[in-house]
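The chain contents come next:
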Amino acid sequence: MKTIIANWKSNPNSVKDAVILAKSTEKAALKYPQAEVVVAPPFLYLTEAKKELKYAKLGAQDSFWNEGGAYTGEVNLAQLKTAGVSFVIIGHSERRRYLGESDEVINRKVSASLRYGLQVVLCVGNQERSEDPMRVISSQLAQDLKGLAPGDKVENLTVAYEPIWAIGTGDAESPDGAANVAARIKEQLTRYWKIGSPRVLYGGSVDDKNIAKFLEKEEIDGVLVGGASLKAAEFGRMIKETNSKS
Ligand code: PEP
């Protein structure tokens, strides 16, 4: 089964539009059941989105490392679970860049979320197209997954390779390049974290025109989609494609 995750980022700006988008995504998820579809709206819309999502799964765009207490502004793990969240995206490059989220913080979030039983999608990726992605990614994996062992439910971890230069630019990584990096990430996940069947997604300007080329690659287990996930008809076509490549 291949996975397609909708990262709505900080969109849309009304509950009404969030519900409309959740409904249309659910409709496609129901129609194409071979695809694993995950919708990650802003925290504010989780509860309303959950009412619409029966077949598609609910994701959050971040998590926190504990179950409550004096942490102003944070949404904790117990709250996410209560809202029906089963997936959390952690370490997105926009959070690393604009919120100054460090690898140490990401490590705490990944560890706590896995131990809490959530599916974790850890985002990693290099800034520049000209550099070897694995120089950055190996270091991110080492720091973000520090201390994790097989007993920590590491099998619930998925890594998303998201080159920063490709996010929101319309200039996607080549499918061959993405497959090569995915294979190298998998090698590390198996060697250092003993994950038997590691999963790696690609994200960065995936749309309805190029999605098939990524999903055709055996090394790529699915896609993380930003901008195109906000366009109901286009995202429906992408779910259909994910279904056919699953
Ligand atoms: C993302 O933000 O994770 C992403 C992949 O965005 P986009 O699809 O818009 O490049």
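Quick note: structure is the one above.
Model, not experiment: these values are computed from the prediction.

What to know about the overall build of the chain
And then number 1: Along the chain, the regular secondary structure elements total nine helices and eight strands.
And then number 2: With the C-alpha coordinates of the chain rotated into their principal frame, the extents come out at 45 × 40 × 30 Å.
And then number 3: Looking at the chain residue by residue over its 246 residues, the buried ones come to 54%.
And then number 4: Put simply, 73% of the contacts in the chain that link residues at least 6 apart link residues at least 24 apart.
And then number 5: Side-chain charges of the chain comprise 33 positive and 31 negative groups, with the mean position of each set lying 4 Å from the other.

Considering the environment of Val-120
And then number 1: Among the structural elements, Val-120 can be located in strand 5 (residues 119-124).
And then number 2: A residue is classified by how much of its surface remains accessible, and Val-120, at 0% relative accessible area, is buried.
And then number 3: Along the sequence, Val-120 and Asp-144 sit 24 residues apart, while their C-alpha atoms lie 12 Å from each other.
And then number 4: Apart from residues no more than four positions distant in its own chain, Val-120 is found in contact with Val-88, Ile-90, Val-110, Ser-113, Leu-114, Asn-156, Leu-157 and Thr-158.

Observations regarding the site of the ligand
And then number 1: The immediate surroundings of the ligand are formed by 14 residues, with Lys-9, Glu-162, Gly-168, Ser-205 and Gly-226 found nearest.
And then number 2: Gly-168 places a polar main-chain atom, nitrogen or oxygen, 2.7 Å from an oxygen atom of the ligand.
And then number 3: One of the backbone nitrogen or oxygen atoms of Gly-226 is found 2.8 Å away from an oxygen atom of the ligand.
And then number 4: Starting from 300 Å² of accessible surface for the ligand in isolation, the protein chains cover 96%.
And then number 5: Across the shell around the ligand, the residue classes break down as four nonpolar, eight polar and two charged.

Concerning the sheet that holds strand 7 (residues 199-203)
And then number 1: Around the barrel, which closes on itself, the eight strands sit in the order 1-2-3-4-5-6-7-8 with parallel pairing between neighbours. Averaged over all adjacent pairs, the angle separating strand axes in this sheet is 25 degrees, with direction ignored.
And then number 2: Bridge count between strand 7 and strand 8 (residues 222-225): two bridges; the pairing is parallel. If you follow Tyr-202 over to strand 8, its bridge partner there is Val-223.
And then number 3: Together, strand 5, strand 6 (157-161) and strand 7 form the strand contacts of helix 7 (residues 175-193), whose direction differs from that of strand 6 by roughly 145 degrees.

Focus on the nonpolar core
And then number 1: One finds Ile-4, Val-110, Leu-141, Leu-145, Leu-157, Ile-185 and Tyr-202 to be the most contacted residues of the largest nonpolar core, which totals 67 residues.
And then number 2: It is helix 7 that provides the largest number of residues to this core, a total of seven residues.
And then number 3: Not counting residues within four places of it along the chain, the set of residues in contact with Leu-141 comprises Leu-122, Val-124, Lys-146, Val-159, Ile-185, Gln-188 and Trp-193.

Description of the pattern of salt bridges
Any two side chains of opposite charge can pair if their charged atoms end up close together.
And then number 1: Considering all chains together, one arrives at 19 salt bridges under this definition.
And then number 2: Here Lys-57 and Glu-36 are joined by a salt bridge, their closest N and O atoms 2.6 Å apart. Residue Lys-57 is located in strand 3 (residues 57-60), and its partner Glu-36 is located in strand 2 (residues 36-40); the two are separated by 21 residues in the primary sequence.
And then number 3: A salt bridge links Asp-171 to Arg-129; the nearest nitrogen and oxygen atoms lie 2.7 Å apart.

Some points on the side chain of Asp-152
And then number 1: Position of Asp-152 relative to the elements: it lies in the loop between helix 6 (133-144) and strand 6.
And then number 2: On the basis of relative accessible area, Asp-152 is assigned to the buried category, the value being 14%.
And then number 3: Look past the residues within four positions of Asp-152 in its chain and what remains in contact with it is Leu-114, Arg-115 and Gly-147.

Each value, and the rule that gives it
Residues numbered from 1 in each chain as written. Predicted model: local features only at pLDDT ≥ 70, side-chain atom pairs only at ≥ 80, totals over all residues. Heavy atoms only, no water. Helix = DSSP H or I, 4+ residues; strand = E, 2+ residues; numbered from the N terminus. Buried < 20%, exposed > 50% of the residue type's maximum accessible area, 1.4 Å probe, protein only. Contact = heavy atoms within 4.5 Å. Lys, Arg positive; Asp, Glu negative; His and termini not counted. Charge placed at Lys NZ, Arg CZ, Asp CG, Glu CD. Near = heavy atom within 4 Å. Polar contact = N/O pair within 3.5 Å; in protein donor to acceptor, adjacent residues only side chain to side chain. Areas by Shrake-Rupley, 256 points an atom, 1.4 Å probe, with all protein chains shown as cover. Nonpolar A, V, L, I, M, F, W, Y, C, P; charged D, E, K, R; others polar. Pairing = 2+ DSSP bridges. Axes fitted to C-alpha atoms, helices over the stretch in contact; angles between N-to-C directions. Core = buried A, V, L, I, M, F, W, Y, C linked by side-chain atoms within 4.5 Å. Salt bridge = Lys/Arg side-chain N within 4 Å of Asp/Glu carboxyl O.

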